[in-house]
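# A look at the structure
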Amino acid sequence: MDIKNFRTLKKIIELGSFGKAAQALGYAQSTITFHIQSLEEYYKMPIFNRIGKSVELTQFGHMLSEQADILLNAYDVLENCSMSESSPHGVIRIGAPESLMLYRLPDIVKEYKQTYPNVEIVIINDMCPNLRDRLGSHDLDVSLLLQPVYK
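The residue count restarts for each chain, going from 1 along the sequence in the order it is written. In view of the model being predicted, local features appear only for residues whose pLDDT reaches at least 70, and side-chain atom pairs are presented and counted only at 80 or more, with totals across whole chains, interfaces and linings using the full set of residues. Side-chain descriptors were evaluated using all non-hydrogen atoms of the structure, hydrogens and water having been removed beforehand.

With that settled, the discussion passes to helix α3 (residues 29-43). The first and last C-alpha atoms of α3 sit 22 Å apart over 15 residues, in line with the 21 Å expected at 1.5 Å per residue. Inspection of α3 places Ile32, His35, Ile36, Ser38, Leu39 and Glu40 among the buried residues, and these make up the whole buried set. Contacts are assigned to residue pairs with any non-hydrogen atoms lying within 4.5 Å of each other. Only DSSP runs of H or I reaching four residues or more are called helices, and only runs of E reaching two or more are called strands; each is numbered from the N terminus. Against α1 (3-15), α2 (18-25) and β1 (48-51) lie the buried residues of α3. To estimate the expected span of a helix, subtract one from its residue number and multiply by 1.5 Å. Here the term buried applies to any residue with accessible area under 20% of the maximum for its type, exposed to any over 50%, and partly exposed to those in between, with areas from a 1.4 Å probe on protein chains only.

Laid out in structure tokens, this is it:
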């Protein structure tokens, strides 16, 4: 059983769809589906009722969601115990439009990874208005945006 499966479950519940969860987590939708199928096969119980493009938790899904909260909180505490305060760790999600992603970020990311190898960097390419929304909804930790100059 992989902790990513439970993180995926919580993101689907939070956002209401597999597609939105895939986008927020930086995965292909097929990966999201695989994570949930893995949980359903392990527990031999359906987690979601799939009605068209919408998903609804089953009774088992509600129970699993509650337990996943406990598990993920405990996991985060354990992860933080092993890491030194002087060494950043975890995941940082950076949003950027394609032009900045291609021309500005590669050198910055390379230097950051050399300095902080325990930090996983997820770069999400999207249009600036979408990135702004995702930053506001906490799907991104930081975003580089192209803005008009106001005088």
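We are not done yet, so read on.
Here we come to the pattern of salt bridges. Basic side-chain nitrogens of Lys or Arg form a salt bridge, by our definition, when they fall within 4 Å of a carboxyl oxygen of Asp or Glu. For the coordinates displayed, the defined rule picks out seven salt bridges. What emerges from the salt-bridge pattern is a single network uniting Lys11, Glu14 and Asp139.

With that settled, the discussion passes to the sheet that holds strand β4 (residues 119-125). Hydrogen bonds along the backbone pair up the strands of a sheet, which may run parallel or antiparallel. Read across the sheet, three strands follow the order β4-β3-β5 without closing on themselves; strand pairing throughout is parallel. Each edge of the open sheet carries a strand with a single partner, namely β4 and β5 (142-143). Following DSSP output, two strands are said to pair if at least two bridges run between them. Pairing analysis gives seven bridges linking strand β3 (residues 90-96) to β4, with the strands arranged parallel. Bridging across to β4, Ile92 finds its partner in Ile121. Axis definition: a line fit to C-alpha positions, over the contact stretch in the case of helices; interaxial angles, taken between N-to-C directions, run 0 to 180 degrees. In this fold helix α6 (residues 105-115) packs onto β3 and β4, with an angle of close to 165° to the strand it touches most, β4.

On to the packing of aromatic side chains. Geometry of aromatic contacts follows a simple scheme: Phe, Tyr and Trp rings, the Trp one being its six-membered ring, pair when their centres are within 6.5 Å, and the pair is stacked under 30 degrees between planes, edge-to-face over 60, tilted otherwise. A full pass over the atoms with the stated rule returns four aromatic pairs. Ring geometry for Tyr42 against Tyr43: centres 4.9 Å apart, planes inclined by 85°, an arrangement best described as edge-to-face. Relative to Phe60, the ring of Tyr43 lies with its centre 5.6 Å away and its plane at 55°, an arrangement referred to as tilted. Separated by 17 residues along the polypeptide, Tyr43 in helix α3 and Phe60 in helix α4 (residues 59-82) bring together distant segments of the chain. Clustering of aromatic rings is evident, with ring pairs tying together Tyr42, Tyr43 and Phe60.

If a residue is not glycine, its phi is most likely negative; likewise, a peptide bond is most likely trans. The residue Lys44 is not glycine, and still its phi comes out positive at about 55°. Tracing the backbone shows Lys44 in the loop between α3 and β1. For His138, which is not a glycine, the phi torsion comes out positive at approximately 65°. The residue His138 is located in the loop between α7 (128-136) and β5 in this model. The exposure class assigned to His138 is exposed, which follows from its relative accessible area of 67%.

Among the buried residues, those of types Ala, Val, Leu, Ile, Met, Phe, Trp, Tyr and Cys that are joined through side-chain atoms within 4.5 Å form a nonpolar core. Residues Leu9, Ile12, Ile36, Ile47 and Phe48 are the most contacted members of the largest nonpolar core, which totals 18 residues. Secondary structure elements with two or more residues in this core: α1, α2, α3 and α4. Every residue in contact with Ile47, bar those within four places of it in the chain, is listed here: Leu9, Ile36, Leu39, Glu40, Glu56, Leu57, Thr58, Phe60, Gly61 and Leu64. Core analysis: the second largest hydrophobic core is formed by five residues, Ile94, Leu100, Leu105 and Val109 among them.

Time to look at the environment of Leu145. As for its placement among the helices and strands, Leu145 is situated in the segment after β5. C-alpha separation for the pair Leu145 and Ala74, spaced 71 residues apart in sequence, amounts to 35 Å. Excluding residues that lie within four positions of it along the chain, Leu145 makes contacts with Leu100, Cys128, Leu131 and Arg132.

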